[in-house]
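# Overview (structure and organization)
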Amino acid sequence: MFLALRLQHGASPLELVRNLAARSGLFYLRILAAGALLAAFLIPTAFFDRGPSLDPFHFLTGIPSPSCGLTRSWSHLLHGDFSTGLAYHPLGPLTLAIAVLFVLGIDRRCPRVDAAARSRPVMGALVVTFVGVWLVRLWTGTIWFVAVR
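A short tour of the structure in this document, coming up. Note that the structure is a prediction, hence the values are computed from the model and not measured.

Further remarks concern the overall build of the chain. The helix and strand tally for the chain stands at 12 helices and zero strands. Tracing the chain from N to C terminus, the helices and strands come up as α-α-α-α-α-α-α-α-α-α-α-α. Residues counted as buried form 29% of the 149 residues belonging to the chain. Counting only contacts in the chain whose residues sit at least 6 apart along the sequence, the fraction spanning at least 24 positions is 58%. Taken as a whole, the chain presents about 9,900 Å² of accessible surface, with 73% of it coming from carbon and sulfur.

Remark: helix 6 (residues 70-78) packs on helix 8 (residues 92-103), axes separated minimally by 9 Å, with the N-to-C direction vectors making an angle of 80°. By the angle between their axes, helix 6 is roughly perpendicular relative to helix 8. Contacts from Leu70, Ser73, Trp74, Leu77 and Leu78 of helix 6 reach helix 8 at Gly92, Pro93, Thr95, Leu96 and Ala99. The residue inventory of the contact of helix 6 with helix 8, partitioned by class, reads seven nonpolar, three polar and no charged.

Turning our attention to the side chain of Ser65. Summarising the element assignment, Ser65 is placed in the loop between helix 5 (56-61) and helix 6. Setting aside residues up to four positions removed in sequence, Ser65 forms contacts with Asp55, Phe57, Trp134 and Ile143.

With respect to burial, helix 6 is a largely interior element, seven of its nine residues being buried. After helix 6 finishes, the residue Gly80 shows a positive phi value of roughly 90°.

Moving on: a nonpolar patch on the surface. Together, Phe27, Tyr28 and Ile31 give the surface a local cluster of nonpolar side chains, amounting to about 330 Å² of exposed area. Exposure remark for Tyr28: the relative accessible area of 56% places this residue in the exposed category.

With that settled, consider the nonpolar core. By size, the foremost hydrophobic cluster in this structure holds seven residues: Leu37, Ala40, Leu70, Trp74, Leu77, Leu96 and Ala99. Sorting the residues of this core by element identifies helix 3 (27-42), helix 6 and helix 8 as the ones contributing at least two each. Broken down by element, the residue count for this core peaks at three residues, all from helix 6. The residues contacting Ala99, other than those within four sequence positions of it, are Leu37 and Trp74.

Parameters at a glance
Residues numbered from 1 in each chain as written. Predicted model: local features only at pLDDT ≥ 70, side-chain atom pairs only at ≥ 80, totals over all residues. Heavy atoms only, no water. Helix = DSSP H or I, 4+ residues; strand = E, 2+ residues; numbered from the N terminus. Buried < 20%, exposed > 50% of the residue type's maximum accessible area, 1.4 Å probe, protein only. Contact = heavy atoms within 4.5 Å. Areas by Shrake-Rupley, 256 points an atom, 1.4 Å probe, with all protein chains shown as cover. Axes fitted to C-alpha atoms, helices over the stretch in contact; angles between N-to-C directions. Parallel < 35°, antiparallel > 145°, perpendicular 65-115°, else oblique. Nonpolar A, V, L, I, M, F, W, Y, C, P; charged D, E, K, R; others polar. Patch = residues over 30% accessible without salt bridge, like charges linked within 9 Å, V, L, I, M, F, W, Y side chains within 5 Å. Salt bridge = Lys/Arg side-chain N within 4 Å of Asp/Glu carboxyl O. Core = buried A, V, L, I, M, F, W, Y, C linked by side-chain atoms within 4.5 Å.

In structure tokens form, the structure reads like this:
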């Protein structure tokens with residue numbers, strides 16, 4: 001079939017891959033999300049717990065970002081440690097579920113779900129939720145627990 005596509009379109013394999021990526025639109029982002037999920041699942045949680053913070057926002061401002069702790073949260077959640085996963089970031093389960101659905105291609109399989117997810121009210125609610133949780137974590141000091149580790 002690959003040979004037939006190549007002969008039919010007169011394109012090289014690299015051109016075919018580029019065309020497929022352009023058609024899917026979010027191909028590279030989907031690959032990145034799959035890699036993040038796979039890394040969080042395969043790498044032991046101790047690696048992430050002892051590792052340094054790679055958050056550029058934290059480096060520049062000294063304040064943890066709204067996403068601070070998500071990698072550690074995903075790692076613990078995927079290894080079955082739900083209480084620690086929630087302690088690292090309360091929105092860890094939500095973002096993990098969104099990433100899994102995204103990797104599985106829910107946006108392509110269910111166009112109505114994709115349209116609803118990209119709507120202004122849903123995007124606005126996500127931004128308000130992330131900023132609200134961030135402010136609460138800053139106010140209560142729970143985010144500093146994550147940033148210091």
